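Listed below are the residues making up each chain.
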Amino acid sequence: MTDQIPSKLNSVQLSQLRCIGCDSVFEKTAQNFRCARCGHLLEIVYPDWNTSDATRFDAATLKNLWRQRRASRFPIDESGVWRFRELLPSFDEKDVISLREGNTPLYEMRDCARVAGLPQLYAKHQGMNPTASFKDTGMTVAASVARREGFRWVACASTGNTSASMAAYAARGGMRSLVLIPEGKVSWGKLSQALDYGAVTCQLKTDFDGCMRVLNEVVQRMPIYLLNSVNPYRLEGQKTTAIELMEQLDWQPPDHIIVPGGNLGNSSALGKAFIEMKQLGLISRLPKVSIIQAAGANPLVRTMRENGGKELISVRAETAASAIRIGNPASWKKAVRVLQATSGTVDEVSEVEIALAKAEIGADGIGCEPASAVTLAGLKKLVKQGFVKPGESVILIVTGHLLKDPEFTLKFHRGDLFSGTASEEEVSILRPQQRAPIVLDATVDAVIQALKAADDQLEL
Ligand code: F0G
């Protein structure tokens, strides 16, 4: 290893599981990761961080150490998650299952800035992870726990990305994996990943929320380790996206982070990271973390608007952004805390707004899957409402790769995404973004004519 780790940072990191509802502390978790006393979710806390031993976490030392590790060839240093292991539960290096996750780019989005009405805009592209979504950053930690605890089987309910990621990490760690997905509601890209990585893949005749209900029963009866984001180790790994982002921004927090909301694990994880970084003196202030949902799958938006976040209002979810087609999000309470602690907001966007924003992110040469595009669609609204001001810095968290859902993209460009739906009348605003493939005779003239027609179109 190239770096010299100060001995204090090398010491074992004490972590505990604490209930977010009643503050009870546990050494070990139940199979469903819920508090045995009140049923709320658990989170990981680090009791040492509250001690007065300030030298343990000298911010400048940590920043230096993490920077040095970028030049290291040590496998866990090459991971954009484990590079930040001082802010994670302790692990023996031999227990870590890693695909060199994290290390994702921060892109400037020129055209998207313009459509949003901002001088500048950046996107952190979590679709550039090994299985092409943000899930890998959490999966490396939680799958490593599963193996360390001796589980032969891991399982998740999923809208597609969690299952793809889990199946890959299970295979790398020599474990078997069980996937429960809603039949007909998972994109083929994601489904094919789970199959190829060797998961036992069950398509249940229900939605995501139904899959989750079934799985919760299965893990009570069988020795299977649950890898959904109710597992707090998933969120610890996903925290590192925010840490890596701060490093990319020279530790200057932006004004706003915009993140899609589904089961609400990711927004909870990012918020936890910012709060912890502030607590440890790594950043001086908190960005506002705002969560955007599809209007057809908006339980958090309704919960915040109708009761200020006190009690979850579940909905029957429906959206073509299948990754976030979730009506009963598990981590809603954690997400509410993040909104409150960071003064962020929630909003919802329509199917047409999602489709347009996805095409705009694509036209910037980046691309993403539909669920990720709610960030840009939501940002446009937040700018119009004045919640985001033109001079403020904004980072979109782009959660999944364009190639995750090619069917959506093809339908969009061919113009039949909304055929036979209630949105059919609004689609005229999508036309300028649509680029249907052109079928031609195999002649030079035909191609040149198509080129000229496209060029004329540009000049209009
Ligand atoms: N974006 C993408 C691409 C996702 O796959 C998900 C969730 C989200 C956003 C929302 O994140 O659930 O943490 O609020 N996908 C899960 C899955 C549910 O099973 O793949 P969240």
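This text goes with the structure placed above it.
Residues numbered from 1 in each chain as written. Predicted model: local features only at pLDDT ≥ 70, side-chain atom pairs only at ≥ 80, totals over all residues. Heavy atoms only, no water.

### Overview of the pattern of salt bridges
Then, in step 1: Counted under the stated rule, the structure contains 25 salt bridges.
Then, in step 2: Across the pair Asp 92 and Lys 94 runs a salt bridge whose closest N-O atoms are separated by 3.8 Å.
Then, in step 3: Using a relative accessible area of 43% as the deciding quantity, one classes Asp 92 as partly exposed.
Then, in step 4: Through salt bridges with shared partners, a single network forms among Arg 69, Asp 77, Arg 85 and Glu 86. (Salt bridge = Lys/Arg side-chain N within 4 Å of Asp/Glu carboxyl O. Buried < 20%, exposed > 50% of the residue type's maximum accessible area, 1.4 Å probe, protein only.)

### Considerations on the pairing of strand β12 (residues 346-349)
Then, in step 1: Side chains Val 346 and Glu 348 of β12 all project onto a buried face; the interleaved residues Asp 347 and Val 349 project onto the opposite face, where all are buried too.
Then, in step 2: Here 4 bridges tie strand β11 (residues 288-294) to β12, and the two strands are oriented parallel to one another. Paired with Ile 291 across the bridge in β12 is Val 346. (Helix = DSSP H or I, 4+ residues; strand = E, 2+ residues; numbered from the N terminus. Pairing = 2+ DSSP bridges.)

### Side note on the side chain of Glu 348
Then, in step 1: Its location among the elements puts Glu 348 in strand β12.
Then, in step 2: The contact partners of Glu 348, leaving out residues within four places of it in the chain, are Gln 293, Ala 294, Ala 295, Asn 298, Val 301, Arg 305 and Lys 381. (Contact = heavy atoms within 4.5 Å.)

### What about the pairing of strand β13 (residues 394-398)?
Then, in step 1: With 5 of 5 residues buried, β13 is to be regarded as a mostly interior element.
Then, in step 2: Relative to β13, strand β5 (residues 122-125) runs parallel, the two being bridged by 4 bridges. Across the sheet, the residue bridging to Tyr 122 is Ile 395, located in β13.
Then, in step 3: Relative to β13, strand β10 (residues 256-260) runs parallel, the two being bridged by 3 bridges. Bridging from a neighbouring strand, His 256 pairs with Val 394 of β13.

### Side note on the environment of Val 218
Then, in step 1: Mapped onto the elements, Val 218 comes out in helix α8 (residues 208-221).
Then, in step 2: Accessibility expressed as a relative area gives 26% for Val 218, which makes it partly exposed.
Then, in step 3: For the pair Val 218 and Ala 116, spaced 102 residues apart in the sequence, the C-alpha separation amounts to 45 Å.

### Section: the side chain of Ser 177
Then, in step 1: Here Ser 177 is to be found in strand β7 (residues 176-182).
Then, in step 2: If sequence neighbours within four positions are ignored, Ser 177 has contacts with Trp 153, Val 154, Met 166, Ala 167, Ala 170, Ala 199 and Val 200.

### Notes on helix α2 (residues 59-69)
Then, in step 1: All buried positions along α2 are accounted for by Ala 59, Leu 62, Lys 63, Leu 65, Trp 66 and Arg 69. Down the axis of α2, the smallest arc covering the buried residues is 165 degrees, so these residues share one side. (Arc of directions from axis to C-beta.)

### Considering unusual backbone geometry
Then, in step 1: Although it is not a glycine, Trp 251 adopts a positive phi angle of roughly 65 degrees.
Then, in step 2: Located in the positive-phi region is Ser 343, a residue other than glycine, with phi close to 60 degrees.
Then, in step 3: Overall, the relative accessible area of 45% leaves Ser 343 in the partly exposed class.

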